[in-house]
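# Geometric and topological summary
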Amino acid sequence: MTDHSSTEGSRATLVTAVETLTGRPPVQMDARHFMTGGIGRVNTADGALRLEAGDVVVTPSVVLIYEIPPGKRRDFEAFQRLLEQHGVNSLGLDADASRTATEKNLTVDQFVLDNVPHMETISLSRPTAELAADSFDELGGDVWARPVVGMGGDDVFHVTSHEQLRDAADYYATSELDWLIARDANNVNHGGLRHQYRVVVLEGRVVRACEHVQANPDAPCNEIQGAVSTVLDIDDLPAGLGQLAVSATKSLGLAFGGVDLALENGGVVFEVNVHPAFGSDGGLETVAIPYVEAHLAMLS
Ligand SMILES: Nc1ncnc2c1ncn2[C@@H]1O[C@H](COP(=O)(O)OP(=O)(O)O)[C@@H](O)[C@H]1O
Ligand SMILES: [Mg+2]
C-alpha cells in the first residue's frame, strides 16, 4: 500500500521484491483511499481482516506500507491504528513512531530524552521577529532552518545573517509552516565540501549505507538538491555511525528507517526518514528485499 500519486518511485522496486521472494505479484492498493475521508473500507470476514477500495478487495496476509508523503501521514494514522488493533502483519503500523519521526520538533524532543546526539535545535512555531532573532543569536548565528514537516531538503535554508533569518521567517510565515533552527554541523570533508551519510536500519541492523557530497556549501545534502550519493560497503562506514543510526531509529520507535547523519561533532543525527527512497544503486537488494523478507517472516 502506497500513495499512488507519489512519483518518488519506491513502489515499483517493492513490487519487484515481492515477486522475487514469493513468485507472485502483490495486490497494490492506493493508501489515499484509507486516509481520512477516503473510500476505503476495513471489515472482517470469517475472522480475517478485509480491505476494500472500489474494485479492489483483499484479505491480506501481510500489509506493506510505503511511500506515504510526510504531509499526509496524520491522515493515515487512524488506519494504522485500526490495522494494529486487528493484529495485522506489518512493520508500518506504529502511528506514534511515524509521527515522532515525521514531525522534526517531536524528533528532537525524543532525541533529547534518549541522549541521541544531534545539533542543538530550537523549534519555532509562527515566532515573533524578536523570538526568531534571539533564538538565532543563542545558537551562535550560523544555523540551518528546516520546516517541521518536509522532505528532500525542500524549504531548508542555511542562515548566517539576521537578514537571511528574516527572509526565512517570512517564507515560513507565508507558507504557514512551523520550523526549526539548528546549529550548523560544519559537516565539511577534507576537500572542503559538505558531506553526510544516509544509513538505512532494519530491525536493529544496518542494511545500506551511502555518503552524500554536496558542492554547494549552502545547499542541503539531499540528492534531489544536487548532492552526489555513493553507496558504501557497510564496513566502510566511519566507526560509530552505524550504531548511532540504530540508536536514532530505536529512539523514535521505528522498526525501519533511513537516517541522515553527519560524522562531525562526534556524530550527529539530522532526521530519520520513515519511508526512505531506495536510491537506484542496489536499492532492490539492500533495502527492498530485506524489508519484504522481514514482513514475510511475520507470517511464521
Ligand atoms: N544543523 C545542520 N547542519 C548542517 N546541515 C544541515 C543541518 N540541518 C539540516 N541540514 C541539511 O539539510 C538537509 C535536510 O534536512 P533533513 O532534516 O534531512 O530534512 P529533509 O531531508 O526531510 O528535507 C540535511 O540532510 C542536511 O544536509
Ligand atoms: Mg533528509
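Predicted model only: the values in this text are computed from it and were never measured. (Residues numbered from 1 in each chain as written. Chains lettered and ligands numbered in written order. Predicted model: local features only at pLDDT ≥ 70, side-chain atom pairs only at ≥ 80, totals over all residues.)

Next up on the list: the domain arrangement of the chain. Each domain of the chain was delimited in the assignment, giving domain 1 (10-92), domain 2 (120-183) and domain 3 (187-274). For domain 1 versus domain 2, the separation of C-alpha centres amounts to 36 Å. (Domains from an automatic or database assignment.)

A few words on the UniProt feature "domain: ATP-grasp" (unreviewed entry) in the chain. UniProt marks residues 108-300 with the feature "domain: ATP-grasp" (unreviewed entry), using the numbering shown here. For residues 108-300, the end-to-end C-alpha separation is 36 Å, with 30% helix and 28% strand making up the annotated structure. (UniProt positions renumbered as here; feature names shortened; annotations may be inferred. Helix = DSSP H or I, 4+ residues; strand = E, 2+ residues; numbered from the N terminus.)

Between its first and last C-alpha, helix H7 (residues 241-252) extends 17 Å over 12 residues, near the 16 Å set by a 1.5 Å rise per residue. Among the residues making up H7, those that are buried are Leu241, Gly242, Leu244, Ala245, Ser247, Ala248, Thr249, Ser251 and Leu252. (Expected span 1.5 Å × (residues − 1). Buried ≥ 20, exposed ≤ 12 C-beta atoms within 10 Å, placed from the backbone.)

Of all 5 residues making up strand S5 (residues 143-147), 4 are buried, and the element is well covered by its neighbours. Two elements, S5 and strand S6 (residues 157-159), share 3 bridges in a ladder whose sense is antiparallel. Its bridge partner lying in S6, tryptophan 144 is registered against histidine 158. One ladder, built from 5 bridges, connects S5 with strand S7 (residues 179-183); its direction is antiparallel. What sits directly across from arginine 146, in S7, is leucine 180. (Pairing = 2+ DSSP bridges.)

Next up on the list: the site of ligand 1. Taken together, 21 residues sit near ligand 1, with Trp144, Ala185, Pro220, Cys221 and Glu271 positioned nearest. Those elements giving two or more residues to the shell around ligand 1 turn out to be S5, S7 and strand S12 (268-273). Per-class residue counts for the shell around ligand 1 are 9 nonpolar, 6 polar and 6 charged. (Near = placed C-beta within 6 Å. Nonpolar A, V, L, I, M, F, W, Y, C, P; charged D, E, K, R; others polar.)

By the burial criterion, the buried members of helix H2 (residues 77-85) are Phe79, Gln80 and Leu83. For H2, the buried positions fall inside an angular range of 100 degrees around the axis, keeping them on one side. The outward face of H2, more than 90 degrees from its buried face, is lined by the exposed residues Ala78 and Gln85. Contact partners of the buried residues in H2: helix H3 (95-102). A positive backbone phi angle near 70 degrees is found at glycine 87, which sits one or two residues after H2. (Arc of directions from axis to C-beta. Contact = placed C-beta atoms within 7 Å.)

With respect to topology, 4 strands assemble into an open sheet ordered S4-S7-S5-S6, the strand pairing being antiparallel. Sheet topology places strand S4 (121-124) and S6 at the edges, where each strand pairs with a single neighbour. For this sheet, the mean inter-axis angle between neighbouring strands, taken without regard to orientation, is 25 degrees. Sheet contacts for helix H5 (residues 129-138): S4, S5, S6 and S7; angle to S4, the most-contacted strand, approximately 170 degrees. Along the sheet, helix H6 (residues 162-174) makes contact with S5, S6 and S7, crossing S6 at roughly 145 degrees. (Axes fitted to C-alpha atoms, helices over the stretch in contact; angles between N-to-C directions.)

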